[in-house]
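Chain residues, written in single-letter form:
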Amino acid sequence: MTSKYKVLFLCRENSARSIIAEALLRELAGHRFEVFSAGSDPAARVHALAIAQLRPGISDLGLLAPKSWLEFTGEWAPRMDLIVALDGRVAEYHAPDFPPDERARSFEKVFWQIVRRVTLFMELPRYTSPAVPDATDAEPATRERDIVCPS
């Protein structure tokens, strides 16, 4: 029996970058990855400009909603194979207020950066086939987790 790799994308508000990464990986390689996103201080809703970037190519936008990372910390929570921080300062991030047209260009730029990174991630040899359950599934406390931060 095989299972999907579980991936959690983190960003402070979980309204844009982590949502975009979640949606893209699910759309492009959902057959290999079970994808989640969350944040330390989740927003009330997904940012409208993130939805605008995703709308043309994502089949199920209804799955996207900001969530607290606390949803992924309990014993009942799914055990992640990979945790990706899309914000180097998740707990202390404060974005400046940009003019609306500048913000739209910023979202487009970030969207394509995430597309490139998610595409590269999908091609890593370690993740080219589904995860196979092993003895580490029985002992989640000793299971190794990968945490990737932006460079």
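What you see is a predicted model, and the numbers here were worked out from it, not measured in a lab.

Caption draft 1: Inspection of the overall build of the chain at higher detail. Scanning the chain from terminus to terminus reveals 3 helices and 4 strands. Residue burial in the chain is summarised as follows: out of 151 residues, 39% are buried. Long-range contacts, defined as pairs at least 24 residues apart, comprise 83% of the intrachain contacts of the chain with a sequence gap of at least 6. Per element, the accessible surface of the chain, about 9,000 Å² overall, is 56% carbon and sulfur.

Caption draft 2: Main features of the confidence of the model for the chain. With 74% of its residues at a pLDDT of 70 or more, the chain shows a mean pLDDT of 79. Between residues 93–99, whose pLDDT stays under 50, and residues either more than four places distant or in other chains, the model counts 4 contacts. Contacts of residues 138–144 to residues separated by more than four positions or lying in other chains number 5 contacts, the stretch itself having pLDDT below 50.

Caption draft 3: Geometry of the nonpolar core. Core analysis: the biggest nonpolar cluster contains 31 residues, and Val7, Phe9, Leu24, Leu25, Phe33 and Leu54 have the highest contact counts within it. For this core, the secondary structure elements donating two or more residues are β1 (5–10), α1 (17–29), β2 (33–38), α2 (48–54), β3 (82–85) and α3 (100–122). Each residue touching leucine 54, except ones within four places of it in the same chain, is listed here: Ile19, Ile20, Ala23, Leu24, Leu61, Leu64 and Phe111.

Caption draft 4: Spotlight on the pattern of salt bridges. What the rule picks out here adds up to 5 salt bridges. With a closest N to O distance of 3.2 Å, aspartate 41 and arginine 12 form a salt bridge. A residue pair is termed long-range when its members are at least 10 positions apart, and aspartate 41 in the loop between β2 and α2 and arginine 12 in the loop between β1 and α1 qualify at 29 residues. Here arginine 26 ties to glutamate 22 by a salt bridge, and the two come within 2.7 Å at their closest N and O atoms. Pair noted here: arginine 26 and glutamate 22 are both in helix α1, with a separation of 4 residues, about one helical turn. By relative accessible area, which is 2% here, glutamate 22 ends up buried. In the salt-bridge network here, residues are joined through shared partners; they are Arg12, Glu13 and Asp41.

Caption draft 5: Structural context of the packing of aromatic side chains. Tallied over the entire structure, the rule returns 7 aromatic pairs. Their ring planes at 40° and their centres at 5.3 Å tell us that phenylalanine 33 and phenylalanine 121 sit as a pair that is tilted. Here phenylalanine 121 lies in helix α3 and phenylalanine 33 lies in strand β2, a separation of 88 residues in the sequence. In this structure phenylalanine 33 comes out as buried when scored by relative accessible area, which is 2%.

Caption draft 6: Local environment of the pairing of β2. Along β2, 5 of the 6 residues are buried, which leaves the element largely enclosed by surrounding structure. With 6 bridges connecting them, β1 and β2 associate as parallel partners. Bridging across to β2, leucine 10 finds its partner in alanine 38. Where the polypeptide runs from β1 across α1 and back to β2, its parallel neighbour, the crossover connection is right-handed.

Caption draft 7: Highlighting the side chain of lysine 67. By the secondary structure assignment, lysine 67 is in the loop between α2 and β3. Classification of lysine 67 by relative accessible area gives buried; the value is 16%. Within the structure, the side chain of lysine 67 is placed 3.3 Å from the backbone oxygen of serine 37, a separation counted as a polar contact. If sequence neighbours within four positions are ignored, lysine 67 has contacts with Asn14, Glu22, Ser37, Ala38, Gly39, Pro42 and Phe72.

Rules used throughout
- Residues numbered from 1 in each chain as written.
- Predicted model: local features only at pLDDT ≥ 70, side-chain atom pairs only at ≥ 80, totals over all residues.
- Heavy atoms only, no water.
- Helix = DSSP H or I, 4+ residues; strand = E, 2+ residues; numbered from the N terminus.
- Buried < 20%, exposed > 50% of the residue type's maximum accessible area, 1.4 Å probe, protein only.
- Contact = heavy atoms within 4.5 Å.
- Areas by Shrake-Rupley, 256 points an atom, 1.4 Å probe, with all protein chains shown as cover.
- pLDDT = per-residue confidence, 0-100.
- Core = buried A, V, L, I, M, F, W, Y, C linked by side-chain atoms within 4.5 Å.
- Salt bridge = Lys/Arg side-chain N within 4 Å of Asp/Glu carboxyl O.
- Phe/Tyr/Trp six-rings, centres within 6.5 Å; stacked < 30°, edge-to-face > 60°.
- Pairing = 2+ DSSP bridges.
- Right-handed = clockwise from strand over helix to strand, strands pointing away.
- Polar contact = N/O pair within 3.5 Å; in protein donor to acceptor, adjacent residues only side chain to side chain.

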